[in-house]
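The lines below spell out each chain.
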Amino acid sequence: LTIMKAVSSLILLLAVGSSALSSTPTSSSMQQQIAGQMILAPLTKGGNLPFRRLCADFGMEVSLSEMVYARSLLRGSPVEQARLRRWEGEQMFGVQIATNGVTEGLEAIRKLQESSSATVQFCDLNCGCPIYDVTRRGLGSSLLRSPQKLHKLVKGLVDGTDIPITVKIRVGCESDTINVLENVKAIREAGASAVTIHGRTAQQGYSKDANWELIQQAVTESREAGYGHIPIVGNGDILTHFEARRRMEETGVHSVMVGRGALIKPWIFKEFKDNATWSPTARERIEVYHTLATYMKEHFGDDEMGRKKAWTFLPWHFEFLSRYCSYPEDEFAVQSTEKPLIQSRMPSSTDADDPLDVLLANRSGDAHDVIASILWESDSDEVAFRKLNEFSESVEFNQILMTGSSSEEDQVLANPLPGKAGRWNKRRGRKPGPKRSDEEIASIRAARALKKEKIIASGGEWPPN
C-alpha cells in the first residue's frame, strides 16, 4: 500500500504540474477526460479533502468538492471557502455549487476561479440534493420541477463563463412527476458540458433501487436527438467494479459516478482500473484507515484544535467503512443483476469471526469513536493494528457490543422521511395546525406569488433569506 501510494502520488503530481501550465480546459477536452472514468461524487461531509486524497491514492482521476452554497460563499463564509480547497494530486477537480440565479452563480464561479486554494477545471450545478434545508431555498432537486427555468439557469451560467458547466440531477422530484428526459433535454440544449443522472427521485432518497432503465432512456434519446457527444454520467447503487462495467455496457453511459460505494471502500477506484476485486485483510484495511487519519492530521493540524475539527469527519466515516464486505465477481456477479449489492442485506458477524473483524464491522457510534481515537494517536500502521487488536478483545468493547449505541448518521442520508420533495426532514418542533382546504391553499399560493412578483420588481432577491 505504501509503494502504491508513492507511485500514485508521483504520477498525479506530474499530471497536475503539466496541467497547471495550461489554460482553463475547454468543454471538449473536459468531456474527453471524463470518458470511461469512475468519478467521485460530491459528498456532503464525506467529500472532505483528506478523503479525496485517499481515493486518489487508489487511482481516482476525477473528483468533486462537497456542495458549496453560492450565496454563502459570496458572503465570505470560511466553511464554504474551505470546500474549494483541492489536494495537489487531484488530476481533475470540479466544484459543485448550489444556486438558482444566474448572476449569483456567475459571481460564485468567478470567486472560486480567483481562489488561491482551488484550481478548478469545471463547475457542477447541484440539481439533485433532496435535503429540506437545500430545497426550501429553491435549490437542489427543487430546480427539477421546471425544465424551462432550469434551461434558463444553465444557459446563463454556460454563456457567462469560460469554465465547463456540468449538471447533476435526479430522475425527478416525486415518483409521480418523473421528468428526467425533459430536464436532460433542457440541460444539453443550454450548452452544458455533461449531465450526471442519479437514478432515483428526490423523494426516494436512497430507499429504493436506482432506476438505470430511465438513465438508459436518457442516453438513447440524447443520441437520437444528435447530442450523443455530450456525456451522460450514470449514478446510483454502484459498489463493485463489475456492477460499474455492466451499467456502462448496458446503458451506454459515458462514465459512472460513485458516492456511498467509495465511502464504504475507497479502493473501489483501484478495482475499477484493475477490473478485479481487491479483498483486503483486516490489517490491510487498518493501514488504509490509518492513512485517512494521517491525512486528516496533516490537513486539520496535529493538535487539540485539529483533532476537534477532524472529529466532525473521522468517526463519521466509519458508519460507512464498517459496512465493508468482500464481493468477488465469480460469487456475486449474478446476484448483483437481481438486486444491487449495496442495497442487499449484509451478512452479520458470528461468534466464529475474528474479534478484529467484528470490531471493524461494528455499527456502534461508540466503537467508531474509539477506533478513530486509536488511529489518530498511533504513530504507525503497526501500532494502530496492535492497539485495535487489543481493543477488539477488551472488556470495554464487549460492553459496547452489549449496550453500545448504534450510529444513525446515515439515516438522514440514506432514508429521508417520506413526503413531498423538500419536505421530508423534520420541521420546527410545533404541533401541526388544522388541515387546510383546497381553497385556502390556492389563496395562500396566490398571495405568495404576488409577494414574489413585488420583491423581484423592486430589485430584491427571491427566495428571501
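An account of the accompanying structure is given in this report. Bear in mind the structure is a predicted one, so any value in this text is a computation, not a measurement.

1. Concerning helix α20 (residues 381–392)
Link 1 in the chain: Taking 1.5 Å of rise per residue, 12 residues should cover 16 Å, and α20 covers 16 Å from first to last C-alpha, within 8% of that figure.
Link 2 in the chain: Taken as a whole, α20 has its buried residues at Ala 384, Phe 385, Leu 388, Phe 391 and Ser 392. Seen along its axis, α20 keeps its buried residues to an arc of 135°; they face one direction.
Link 3 in the chain: On its buried side, α20 packs onto α14 (282–300), α18 (355–360), α19 (365–377) and α21 (395–403).

2. Description of the pattern of salt bridges
Link 1 in the chain: A full pass over the atoms with the stated rule returns 24 salt bridges.
Link 2 in the chain: The closest approach of N and O atoms between Lys 273 and Glu 61, which form a salt bridge, is 2.4 Å. Of the two residues, Lys 273 is situated in helix α13 (residues 268–274) and Glu 61 in the loop between α3 (49–57) and β2 (62–64); the sequence distance between them amounts to 212 residues.
Link 3 in the chain: Looking at Lys 273, the relative accessible area reads 43%, which means it is partly exposed.
Link 4 in the chain: Between Glu 104 and Arg 71 there is a salt bridge, with the nearest N and O atoms lying 2.7 Å from each other. In this pair, Glu 104 is assigned in helix α6 (residues 102–114) and Arg 71 in helix α4 (residues 70–74), connecting sequence segments 33 residues apart. Accessibility assignment for this pair places Glu 104 and Arg 71 in one class, buried.
Link 5 in the chain: Connected through salt bridges with shared partners, the residues Glu 66, Glu 80 and Arg 83 form a single ionic network.

3. Digging into the nonpolar core
Link 1 in the chain: Within the largest apolar cluster, 117 residues are counted, with the highest numbers of intra-cluster contacts made by Met 38, Ile 169, Ile 197, Phe 269 and Leu 375.
Link 2 in the chain: In terms of residue count, the dominant contributor to this core is α14 (nine residues).
Link 3 in the chain: In contact with Met 38, other than residues within four places in its own chain, are Val 62, Ile 238, Ala 244, Val 256, Val 258, Ile 268, Phe 269 and Phe 272.
Link 4 in the chain: Counting six residues, the second largest nonpolar core, distinct from the first, contains Tyr 69, Ala 98, Cys 129 and Val 134.

About the thresholds
Residues numbered from 1 in each chain as written. Predicted model: local features only at pLDDT ≥ 70, side-chain atom pairs only at ≥ 80, totals over all residues. Heavy atoms only, no water. Helix = DSSP H or I, 4+ residues; strand = E, 2+ residues; numbered from the N terminus. Expected span 1.5 Å × (residues − 1). Buried < 20%, exposed > 50% of the residue type's maximum accessible area, 1.4 Å probe, protein only. Arc of directions from axis to C-beta. Contact = heavy atoms within 4.5 Å. Salt bridge = Lys/Arg side-chain N within 4 Å of Asp/Glu carboxyl O. Core = buried A, V, L, I, M, F, W, Y, C linked by side-chain atoms within 4.5 Å.

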